[in-house]
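# Close look at the chain arrangement
Residue-level listing of the chains:
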Amino acid sequence: MYDIVVAGAGSAGCVAAYTAAKRGFKVCLIDAKPKEKIGNKICGNALAYHHLEKINLPIPEKVKTNEIEGIIIYSPSGHKWEVHTKRHKGIMLDRLAFGQYLLKTAIENGVELRDKSVINGPIIKNGFVRGVATISGKIYGDVVIDATGLKSPVRSNLPKNLGIETEIEDKDVNFAYREIRKVKNRLGNEKFCEIYLEPSKFPGGYVWIFPQGKRIVNVGLGVQKVKGYPHPKERLYSTMLKMELFNGSKAIEKGGMDVSTRRPLPSLVGNGILIVGEAGSFVDPVTGGGNGQAMVTGKLAANVACNALENGKKDRESLWTYNLALYKQEDGYGQKYTVLDAFRIFLQSITPKDIDYGMQHEIIKERDLITLTTQGELKLNIREGVERFFRGIGRLSLLKNLVYLKSVMEEIRNHCLNYPESPDGFDEWKKKIDAMFLELEKRFVPYSSK
Ligand SMILES: Cc1cc2nc3c(=O)[nH]c(=O)nc-3n(C[C@H](O)[C@H](O)[C@H](O)COP(=O)(O)OP(=O)(O)OC[C@H]3O[C@@H](n4cnc5c(N)ncnc54)[C@H](O)[C@@H]3O)c2cc1C
């Protein structure tokens with residue numbers, strides 16, 4: 001019997017387990033992978049520093065491959081936006097070395113690892129989650145922290161009356177394929193990540209080319225999983241991998257995987273359980289980045305669980321402070337990514353021409369992109385005469401949609417900041433946020449399904 005059972009030893013699980021063990025709790029960390037493979041995740045490997053500042057864990061040099069100072073975004077017609085991220089620098093990770101470092105830190109602080117243990121689902125007794133069932137037996141704990149990622153066998157098998165959403169719909173997922181490639185010639189700029197937007201080729205997603213050193217790149221494509229979506233591997237090979245950069249290049253690693261692109265679950269706690277990382281959809285819906293969010297939510301949830309256990313509690317109400325920290329605080333990841341999800345739904349609906357016009361005429365300025373992705377605030381650069389101009393070029397609806405979107409994003413933020421103080425007001429709160437998103441989805445239909 002453990003105080004805390006952490007299901008899944010990805011970034012979220014390792015940080016959650018480490019945080020609880022450091023506070024003196026008896027923690028079991030379970031993963032399906034063998035110990036030496038933990039951390040080996042198919043990923044773009046980019047991580048922004050601002051997440052690391054929140055978990056206050058030193059990151060050793062050996063897990064970084066290089067530092068990133070900005071992003072270049074290409075519009076469908078090749079228009080280029082260069083976004084310098086001076087205040088929000090990033091790093092590229094050696095993903096396995098990073099995962100192994102997090103795991104080692106957890107174990108050194110007293111976490112007991114059970115590797116090669118496939119979890120089938122939660123153990124429920126008297127309306128409480130009491131542990132997890134694995135292929136080799138049951139593991140009990142006072143509280144379970146679910147960190148098993150998007151396809152979570154824990155979350156998806158929870159009974160409905162626990163108050164946690166269990167399903168993630170395909171339309172809210174990107175299927176992403178990525179390769180790490182050794183290229184023949186030195187990269188032009190190793191300090192910039194590149195993103196290519198072209199909805200007619202890369203529907204509901206984008207291609208990324210991230211440098212991992214002088215001659216190594218992490219290249220991939222994610223596409224929204226709506227009817228008729230192309231296989232991202234085939235699409236990557238028939239488009240971007242034909243670039244001169246890849247002539248004579250060799251793949252070192254290959255693989256595809258789903259990534260959540262939806263807003264975080266509206267409630268992340270139930271009796272005896274908290275959900276962290278991608279299991280709770282803590283992924284930036286616009287970029288698909290979720291590694292930093294996984295660690296931050298892992299730490300937060302572990303601290304809430306430890307506080308509750310110190311008071312002899314583990315019920316939904318006692319764990320509710322986790323929801324409050326995520327939704328009610330200005331920089332809470334629940335609130336921020338719920339707001340950004342509205343922008344994602346809009347972005348997946350617009351045409352290649354709309355993207356070109358938007359970028360060319362700087363409706364959103366390059367520097368305001370950082371505010372959008374870090375704070376979820378949409379600043380529109382609408383000067384006098386813009387309306388006339390947009391009417392003239394027949395894109396008035398784009399402008400109107402953006403103005404509408406901005407006001408909805410503000411409304412969503414306010415609704416999140418009004419998150420109920422206790423489970424009592426939750427059903428009412430959820431009804432309203434669900435209705436707001438239903439309305440958005442009616443107005444902004446994915447471009448590829450039109
Ligand atoms: C192609 C791709 C590119 C990405 N690029 C980036 C990027 O550049 N930057 C970024 O920040 N994010 C990126 N992401 C997202 C990021 O990788 C995830 O959001 C993040 O790793 C989530 O961490 P996690 O710990 O919540 O879950 P995971 O990393 O998914 O970890 C879950 C753990 O649970 C274990 N597990 C799952 N099921 C079971 C089971 N049944 N039994 C036992 N154990 C189980 C798994 O083995 C795994 O160790 C990308 C994702 C993809 C797919």
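Residues numbered from 1 in each chain as written. Predicted model: local features only at pLDDT ≥ 70, side-chain atom pairs only at ≥ 80, totals over all residues. Heavy atoms only, no water.

## So, the overall build of the protein
What the protein contains, in helices and strands, is twelve helices and 18 strands. Against the globule reference of 22 Å for 450 residues, the protein gives a C-alpha radius of gyration of 22 Å, in line with a compact fold. With the C-alpha coordinates aligned to their principal axes, the bounding extent of the protein is approximately 65 × 55 × 40 Å. Relative to its 450 residues, the protein shows a buried fraction of 56%. In the protein, the share of contacts with a sequence separation of at least 24, taken over all contacts with a separation of at least 6, comes to 74%. For the protein, the exposed surface amounts to about 19200 Å²; the carbon and sulfur share of it is 49%. Taking the average location of the 67 positive side-chain charges in the protein and that of its 52 negative ones, the two points are 4 Å from each other. (Helix = DSSP H or I, 4+ residues; strand = E, 2+ residues; numbered from the N terminus. Rg over C-alpha atoms; globule rule 2.2 N^0.38 Å. Buried < 20%, exposed > 50% of the residue type's maximum accessible area, 1.4 Å probe, protein only. Contact = heavy atoms within 4.5 Å. Areas by Shrake-Rupley, 256 points an atom, 1.4 Å probe, with all protein chains shown as cover. Lys, Arg positive; Asp, Glu negative; His and termini not counted. Charge placed at Lys NZ, Arg CZ, Asp CG, Glu CD.)

## Let's talk about the nonpolar core
Formed by 119 residues in total, the largest nonpolar core has its most connected members in Leu-274, Tyr-322, Leu-405 and Ile-412. The greatest single-element share of this core, amounting to ten residues, is contributed by helix H5 (residues 291–310). Tyr-322 has contacts with Leu-268, Val-269, Leu-274, Ile-275, Val-276, Phe-282, Thr-297, Leu-300, Ala-301 and Val-304, leaving out every residue within four places of it along the chain. The next biggest cluster of nonpolar side chains, apart from the first, holds 18 residues, and it includes Tyr-74, Phe-192, Phe-202 and Met-240. (Core = buried A, V, L, I, M, F, W, Y, C linked by side-chain atoms within 4.5 Å.)

## Focus on the layout of surface pockets
Reported here for the second largest pocket is a volume of approximately 340 Å³. Contributing to the lining of the second largest pocket are 17 residues, with Glu-165, Glu-169, Asp-172, Arg-262 and Arg-263 lying nearest its centre. Residue assignment for the lining of the second largest pocket shows that the elements contributing at least two residues are helix H7 (333–347) and helix H12 (426–443). It is H12 that contributes the most residues to the lining of the second largest pocket, five residues altogether. (1 Å grid on protein atoms, 1.4 Å probe; cavity = no way out; pocket = protein on both sides within 12 Å on 5 of 7 lines; lining within 4 Å. Points joined across faces, edges and corners; volume = space filled by probe spheres on them.)

## Quick look at the site of the ligand
Inspection of the region around the ligand gives 35 residues, with Asp-31, Gly-44, Ala-46, Ile-119 and Glu-278 positioned closest. Contact between the ligand and Gly-44: a nitrogen atom at 2.7 Å from a main-chain N or O atom of the residue. In this structure, Ala-46 approaches the ligand through a main-chain N or O atom, which is 2.7 Å from a nitrogen atom. Expressed as a share of its isolated accessible area of 1000 Å², the protein-covered part of the ligand is 89%. When contributions to the shell around the ligand are tallied by element, the ones reaching two or more residues are helix H1 (11–22), strand E16 (250–260) and H5. For the shell around the ligand, the leading source of residues is E16, giving three residues. Grouping the amino acids of the shell around the ligand by side-chain chemistry returns 16 nonpolar, 13 polar and six charged. Both domain 1 (2–65 + 93–166 + 266–328) and domain 2 (171–260) contribute no fewer than three residues apiece to the shell around the ligand. (Near = heavy atom within 4 Å. Polar contact = N/O pair within 3.5 Å; in protein donor to acceptor, adjacent residues only side chain to side chain. Nonpolar A, V, L, I, M, F, W, Y, C, P; charged D, E, K, R; others polar. Domains from an automatic or database assignment.)

## Points about the sheet that holds strand E13 (residues 192–196)
Taken in spatial order, the seven strands of this open sheet run E6-E5-E13-E14-E15-E12-E16, and their pairing is mixed. Either end of the sheet is taken by a strand with one partner, and the two such strands are strand E6 (80–84) and E16. Across the sheet, the mean angle separating the axes of adjacent strands is 15 degrees when strand polarity is ignored. Helix H9 (residues 366–375) rests against strand E5 (70–74) and E6 of the sheet, and its axis sits at about 60 degrees to E6. (Pairing = 2+ DSSP bridges. Axes fitted to C-alpha atoms, helices over the stretch in contact; angles between N-to-C directions.)

## Observations regarding unusual backbone geometry
Although it is not a glycine, Asn-45 sits at a positive phi angle of roughly 70 degrees. Take Asn-45: it is sitting in the loop between strand E2 (27–30) and strand E3 (46–48). For Asn-45, a relative accessible area of 3% gives the class buried. Of note in the backbone geometry, Asn-56 takes a positive phi value of approximately 55 degrees without being a glycine. Tracing the backbone shows Asn-56 in the loop between helix H2 (49–55) and strand E4 (64–68).

## A short note on the domain arrangement of the protein
Looking at the protein, the domain boundaries give domain 1 (2–65 + 93–166 + 266–328), domain 2 (171–260) and domain 3 (335–449). Computed over C-alpha atoms only, the centres of domain 1 and domain 2 are separated by 29 Å. On the domain 2 side, the residues contacting the 16 residues of domain 1 number 14 residues. With both chains or domains summed, domain 1 and domain 2 bury close to 1200 Å², and 52% of this area falls on carbon and sulfur atoms. It is Ile-42, Gly-44 and Leu-150 in domain 1 that bury the most area against domain 2; as a group they hold 38% of the surface buried on that side. (Buried area = accessible area lost by both parts, 1.4 Å probe.)

## Regarding the packing of H7 against H9
Two elements in contact, H7 and H9, have axes separated by 8 Å at closest approach and are oriented at 125 degrees. What the angle tells us is that H7 and H9 run oblique. Contacts between H7 and H9 pair Lys-336, Leu-340 and Phe-343 from the former with Leu-372, Thr-373, Thr-374 and Gln-375 from the latter. Across the contact of H7 with H9, the residue classes break down as three nonpolar, three polar and one charged. (Parallel < 35°, antiparallel > 145°, perpendicular 65-115°, else oblique.)

## Points about the sheet that holds strand E7 (residues 90–93)
In space, the three strands of this open sheet follow the order E3-E7-E4, with antiparallel pairing throughout. With partners counted over all chains shown, the strands left at the sheet margins are E3 and E4, one partner each. Averaged over all neighbouring strand pairs, the angle between strand axes comes to 30 degrees, with direction disregarded. Pairing analysis gives three bridges linking E3 to E7, with the strands arranged antiparallel. Across the sheet, Ala-48 pairs through a bridge with Gly-90, a residue of E7.

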